[in-house]
Amino acid sequence: MNEADPITVACLDLAGTTVADGDTVESAFAEAIATLGIVSGTASYGRALARFRDARGGSKIGIFRSLFDEPRAQAAHLAFERSYHDLIDRRGLTPVPGADDALTRLRGAGVRVCLLTGFGRGTQARVLDTLGWWDRADLTLCPEDVPRGRPWPDLVLTAALRLGVDDVRHIAVCGDTAGDMLCGRRSGASIVAGVLTGADDHDRLLAAGATHVLPTVAALPDLILRTPANA
């Protein structure tokens, strides 16, 4: 990126990046596969959990399809969404500290924000409803909006098309998983920032192609807005 290439769109992940997750997603996954008889302490449970952790950030229905045939994948995905919604009701849902301000700062500086997720549309909507975040983004996208979920670049490229980006180098991507980093790099985004508030650690984010690793998403506006073209 050079001085003629400002960041005009920021594509940010939800769970683990802008939304504090803890073990909520993993708990919902465990409850979902338990409905198919795969329970803790079994070899099949260990394999399923390893697959889930390796694919964090990717399409949830895609993960279930990698484990089961289509009818069971659909059943598991439905159970996952129900469990996640129930967990939100019981535990609540909060932004990562500084995330709300980061979204406000970016949009206030003229950077359009797209919130991306591996959740289905219904769960994404439930998260945004719970946080009151519909007005924090110019666009929201989920796996149902694209042919392929992360780590493929389709979500970011769809954001570019819908928001009328002139050049993919004008995009910044921010996420907490290796899949997010691969998605960003494959899309051609000039900033692909990993954060340490979610699934993957510093080394894995860098190995997957992160251009920057930040402690939290709260540091993203300073990274984007200090670039010469955005200053």
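What counts and how
- Residues numbered from 1 in each chain as written.
- Predicted model: local features only at pLDDT ≥ 70, side-chain atom pairs only at ≥ 80, totals over all residues.
- Heavy atoms only, no water.
- Helix = DSSP H or I, 4+ residues; strand = E, 2+ residues; numbered from the N terminus.
- Buried < 20%, exposed > 50% of the residue type's maximum accessible area, 1.4 Å probe, protein only.
- Contact = heavy atoms within 4.5 Å.
- Lys, Arg positive; Asp, Glu negative; His and termini not counted.
- Charge placed at Lys NZ, Arg CZ, Asp CG, Glu CD.
- Arc of directions from axis to C-beta.

1. Topic: the overall build of the chain
Regarding its fold elements, the chain presents ten helices and six strands. The buried share of the chain, reckoned over its 231 residues, is 52%. Once local pairs closer than 6 in sequence are excluded, the contacts in the chain between residues at least 24 apart make up 65%. Of the charged side chains in the chain, 24 are positive and 29 negative; the average position of the first set lies 4 Å away from that of the second.

2. Thoughts on the environment of Gly 209
Within the element layout of this structure, Gly 209 appears in the loop between α9 (202–207) and β6 (212–214). A sequence separation of 26 residues divides Gly 209 from Cys 183, and the C-alpha atoms of the two residues are 9.4 Å apart. Those residues within four positions of Gly 209 in sequence are excluded, and the remaining contacts are Met 181, Arg 185 and Val 192.

3. Points about the environment of Ala 178
With respect to the element layout, Ala 178 can be found in helix α8 (residues 178–187). Between the C-alpha atoms of Ala 178 and Val 96, which are 82 residues apart in sequence, the distance is 19 Å. Apart from residues no more than four positions distant in its own chain, Ala 178 is found in contact with Asp 200, Arg 204, Leu 205 and Ala 208.

4. Here we look at helix α5 (residues 99–108)
Restricting attention to buried positions, one finds in α5 the residues Ala 99, Ala 102, Leu 103 and Leu 106. What you see down the axis of α5 is that its buried residues fit within an arc of 95°, all on one side. The inward-facing, buried residues of α5 contact β1 (9–13), β2 (112–116) and α10 (220–225). Looking one or two places after α5, you find Gly 110, whose phi comes out positive at around 90°.

What is shown is where atoms sit, not what they do.
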